[in-house]
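# Survey of secondary and tertiary structure
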Amino acid sequence: MQHTSTQDTLVGLFVAAGIVGLLFLALQVSGLSAFIKEDTYTVTARFENSGGLKVKSAVSSAGVKIGQVSAIKFDPTTYESVVEMRINSRYNTLPDDTSASIFTAGLLGEQYVNLVPGGSDETLKDGSMIELTQSAIILEKLIGQFLFKSAEEKAETNK
Amino acid sequence: MDNSVSSQNSLVSVHNLSFSRGNKKIFDDISLEFERGKITAIMGPSGTGKTTLLKLIGGQLFPERGSVTVNGQNVHRLRRSELYNLRKRMGMLFQSGALLTDMSVYDNVAFPLREHTHLPESMIRTLVLMKLQAVGLRGARDLMPNELSGGMARRIALARAIALDPMMIMYDEPFTGQDPISMGALVHLIKSLNTTLGLTSIIVSHDVHETAAIADYIYVISDGKIVGQGTPAEIQQSESEWVQQFMTGAADGPVHFHYPAADYVDDLLSSAKRSRRRVSKRYGQL
Amino acid sequence: MIQFVQYLGRTTRTSFTKLGRGTFFLLHTLAGIGDVLPRPRLILNQMYSVGVLSFLIITISGLFVGMVLGLQGYYILSDFGAEETLGVMVAASLVRELGPVVSALLFAGRAGSALTAEIGLMKATEQLSGMEMMAVDPIKRIISPRFLAGLLSMPLLAALFSMIGIIGGFMVGVGLLGVDEGAYWSQMQDSLDFQDDIVNGVIKSLVFGFVATWIALFEGYDTIPTSEGVSRATTRTVVNSAFSILGLDFILTALMFGD
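Residues numbered from 1 in each chain as written. Chains lettered and ligands numbered in written order. Predicted model: local features only at pLDDT ≥ 70, side-chain atom pairs only at ≥ 80, totals over all residues. Heavy atoms only, no water.

## Some details on empty space enclosed by the protein
The cut-off we apply is this: Here a cavity denotes a set of grid points, spaced 1 Å apart and computed over the protein atoms alone, in which a 1.4 Å probe fits but from which it cannot get out, and a pocket denotes an open set meeting protein on both sides within 12 Å along at least five of seven lines; residues with an atom within 4 Å of a point are reported as lining. Grid points are joined across faces, edges and corners, and a volume is the space filled by probe spheres set on the points. Strands are runs of DSSP state E lasting at least two residues, helices are runs of H or I lasting at least four, and both sets are numbered from the N terminus onward. Ten residue types, Ala, Val, Leu, Ile, Met, Phe, Trp, Tyr, Cys and Pro, are classed as nonpolar, four, Asp, Glu, Lys and Arg, as charged, and the remainder, Gly among them, as polar.
Taken as a whole and judged by the stated rule, the model has three cavities of 30 Å³ or more. Taken as a whole, the largest cavity encloses approximately 140 Å³ of empty space. Surrounding the largest cavity, 17 residues form its lining, Gly 91, Met 92, Arg 160 and Ala 161 of chain B together with Met 134 of chain C being those nearest its centre. Elements with a contribution of two residues or more to the lining of the largest cavity: β6 (90–93) and α5 (150–161) of chain B together with α4 (127–133) of chain C. At four residues, the largest contribution of residues to the lining of the largest cavity is made by β6 of chain B. Considered class by class, the residues forming the lining of the largest cavity number 11 nonpolar, three polar and three charged. Estimates place the volume of the second largest cavity at around 80 Å³. Looking at the lining of the second largest cavity, its residues break down into nine nonpolar, three polar and no charged.

Structural data, given as structure tokens:
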């Protein structure tokens, strides 16, 4: 084997490129950087039904993403869904009577948590609980309600 | 003569060795003694398993029966580490040289030293140059193995084989395919290494004249048996027809020119019939 | 019929024998790693022939695969008005599947076949046997460093492949077809998980690197030492590696992403 320094340099370049690739995948592709770089605080909210909400779903307010869902658990005593959200520390002025609802982006889009600030002077802190919640809108339920209602109306007009 | 060589004097003893490959018996209960400091040759026609014998001595193959003792140690009873320690003291020259093709001549000769010793590079350099000087190829140290002629490759391999100052060297067909000048150089080298370094040499060869010129003792092997043994002079005078045929190179003799076959005339006459049968057989299978 | 059964039995038996030999070979190789680690020079030299020489084929293929994904993904997603998720599609398919699998297949074709041919030729020219007679264990000296080099190179190559592919998808999707740049990256970051996607992808490529290098080295070591034997062994390396990689990919995917 010829031990040339060119060969060593090329191996070095190759390893460096590979590590750049791994870092790229970790930071730029999976967005791990969001966790590393930015401080967050955690709040929880209880929903009757969290629908298709998933871990990493967006948490936004007024249409701007301010955090993401970090865990979803089922509370076996109250039969509610407990959603844990990590919110960027830059947005630490949300009042403690902020309400949370689960919306769908577009007709078939992903579900996300929408926060609507209230008017209280106290703000949400790490570990706070959002009291006012509105569950996910379940499309099947809506359609069912709509059909039921229109059937009722029809029956009334036919009388 | 057979048992007159006492085992005290021999470095390598082969006792009642049998070895087969598939159904073919390569060695059938043979015993050989290789005396310290002497050049012992094993001769015989191609395909008699001479290389196999070297591999058995080196512990690369296992015999079916019998034993091989090198320097008082039974080669096939040793643990792996012990065998490797023994091999450090056994040099082997392969027919092709078996140089490592991705290293220069210098690195090839330095290879065993680098693998087995912790010598500083300056001392390795001195040793390598000494070994290369011994085979007359100090000037070729920067060449790669593919730039060497067959004879040079073998001499480099010889330099590598003596790098660790072994007690013995096994030569596998050292003269095959060499031009007269390289052949002469190799004959001279083997002889001088043997005398100057006090090595025990085992040569496997079918080149009668070169081997007879340097060997102290010769075994002639055929069909897995020893058919003749003795000093070169005794072998030349041997009464065995077989040995005579081998030494003189006669085309026909105890070893027939023809491979065993049915009678020639019968064979010719039956050929038409047979080929027809073969064709029908093949279509029958389809 | 009887001949067929006999043939089947014989083939099964020889394949099991070969698998057994391969396993012993692997154990021997793994045992040799301890002796190789103090000599990084040996691994470094092999990283060159295994990794650096595969670099070009991996990056170029990665670029084209990414560009094709960008193009195809755009046409399909724009039907649903979901071009914004192009980044997700390109990145997820590369990181989870195409990166590890395609780079492993290319690796088997480029580096694997070269390893088999190299080892096979060393065997045919008695270099391995010669080493043994010099009291040097050829598995430790020749095989183990190559095995480590393959194992280390594969995840790096797969990561490179995925990265270049994602950039290729970006070039086509954002540069050519006008997908929003911010959406390409942010949707990707929102949907892909470090643990689930990136780490699993790296685990896949490690497994593929392990298997492909093992097969290549074993086929070389186990070759019939003639020129025909070496050429057959090289072919077997590519075929067996491809089968093993694709089969293992299915199993790993089922284990990793099947909840």
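We are not done yet, so read on.
## Focus on the sheet that holds strand β2 (residues 24–35) of chain B
All names here are of chain B. This is how the line gets drawn: Here, a strand pair is defined by DSSP locating no fewer than two bridges between the strands. Every residue pair with non-hydrogen atoms within 4.5 Å of one another is taken to be in contact. Angles here are taken between N-to-C directions and fall from 0 to 180 degrees, while the axes themselves are lines fitted to C-alpha atoms, restricted in helices to the stretch in contact.
With antiparallel pairing, the four strands of this open sheet are ordered in space as β2-β1-β4-β5. A single partner strand is all that each edge strand has here, and the edge strands are β2 and β5 (73–74). Where strand β1 (residues 10–21) lies against strand β4 (residues 65–70), five bridges are found, and the strand directions are antiparallel. Across the sheet, His 15 pairs through a bridge with Ser 67, a residue of β4. Strands in contact with helix α1 (residues 50–57) are β1, β2 and β4; relative to β1, the strand with the most contacts, it is inclined by about 120°.

## Describing the packing of aromatic side chains
Residues and elements named next belong to chain C. The line we're drawing: Only rings of Phe, Tyr and Trp enter the pairing, Trp through its six-membered ring, and a pair is recorded when the two centres are within 6.5 Å. The plane angle decides the type: under 30 degrees is stacked, over 60 is edge-to-face, the rest tilted. Note on classification: 1.4 Å probe, protein chains only; a residue is buried when its accessible area is under 20% of the maximum for its type, exposed when over 50%, partly exposed between these limits.
One pass over the structure, following the stated rule, counts 12 aromatic pairs over all chains. Each ring, one from Phe 25 and one from Phe 218, has its centre 5.4 Å from the other, and the planes form 55°; the classification is tilted. You can see Phe 25 sitting in helix α1 (residues 2–36) and its partner Phe 218 sitting in helix α7 (residues 194–221), a full 193 residues away along the chain. Under the relative-accessibility criterion, Phe 25 is labelled buried at 4%. Consider the rings of Tyr 74 and Tyr 75, whose centres lie 6.2 Å apart with planes at 70°: the pair is edge-to-face. Of the residues examined, Tyr 74 reaches a relative accessible area of 18% and is grouped as buried. When its relative accessible area of 47% is taken as the criterion, Tyr 75 is described as partly exposed.

## Regarding the sheet that holds strand β6 (residues 111–116) of chain A
Residue and element names in this part refer to chain A. Pairing is mixed in the open sheet, where eight strands are placed in the order β7-β1-β4-β3-β2-β6-β5-β8. Looking at the sheet topology across the chains shown, the edges are occupied by β7 (129–130) and β8 (132–134). Examined bridge by bridge, strand β2 (residues 58–61) and β6 share two bridges and lie parallel to one another. Across the sheet, the residue bridging to Ser 60 is Asn 114, located in β6.

## With respect to the nonpolar core
Cut-off, in case you're wondering: By nonpolar core we mean a set of buried residues, namely Ala, Val, Leu, Ile, Met, Phe, Trp, Tyr and Cys, connected to one another through side-chain atoms within 4.5 Å.
Ranked by internal contacts, the top residues of the largest apolar core, which has 71 residues, are Leu 25 and Val 29 of chain A together with Ile 166 and Tyr 184 of chain C. Considering every element that reaches this core, the biggest residue donor is helix α5 (residues 138–176) of chain C, with 18 residues. Not counting the four nearest positions on each side in its chain, Val 29 of chain A is found in contact with Phe 24 of chain A together with Ala 91, Val 95, Ile 166, Met 188, Gln 189, Leu 192 and Ile 198 of chain C. Grouped together as the second largest cluster of nonpolar side chains are 47 residues, Leu 93, Val 109, Ala 157 and Leu 186 of chain B included.

## Some details on a negative patch on the surface
Definition in use: Put simply, a patch holds well-exposed residues, over 30% relative accessible area, that have no salt bridge, with like charges counted together within 9 Å and Val, Leu, Ile, Met, Phe, Trp or Tyr side chains within 5 Å. Each accessible area is a Shrake-Rupley result for a 1.4 Å probe, and residues are judged covered by the shown protein chains and nothing else. Each salt bridge in this description consists of a side-chain nitrogen of Lys or Arg and a carboxyl oxygen of Asp or Glu lying within 4 Å of one another. We treat Lys and Arg as the positive residues and Asp and Glu as the negative residues; His and chain ends play no part in the count. Lysine's charge is taken at NZ, arginine's at CZ, aspartate's at CG and glutamate's at CD.
Taken together, the side chains of Asp 96, Asp 121, Glu 122 and Glu 131 of chain A make up a negatively charged region of the molecular surface. Inspection of the secondary structure puts Glu 122 of chain A in the loop between β6 and β7.

## Considering the interface of chain C and chain A
Accessible area lost upon the coming together of the parts serves often as the stated size of an interface. Put simply, the rule is: Buried area: the sum, over both parts, of the accessible surface (1.4 Å probe) that disappears when the two are put together. Between N or O atoms, a polar contact is any pair within 3.5 Å; within protein, one atom must be a potential hydrogen donor and the other a potential acceptor, and residues adjacent in sequence are included only when both atoms are from side chains.
Counting from both sides, the interface comprises 29 residues of chain C and, opposite them, 25 residues of chain A. Contact between chain C and chain A buries roughly 2,500 Å² in total, counting both sides, with carbon and sulfur atoms accounting for 74%. On the surface where chain C and chain A come into contact, there are one salt bridge. A salt bridge links Arg 41 of chain C to Asp 8 of chain A, with the nearest nitrogen and oxygen atoms 3.2 Å apart. The interface formed by chain C and chain A includes one residue pair in polar contact (both at pLDDT 80 or more). Breaking the side of chain C that touches chain A down by element, the ones donating at least two residues are α2 (40–79), α3 (86–124), α5, α6 (181–191) and α7 of chain C. A class-by-class count of the residues in the side of chain C that touches chain A yields 20 nonpolar, six polar and three charged.

Coordinates in, geometry out; function isn't part of it.
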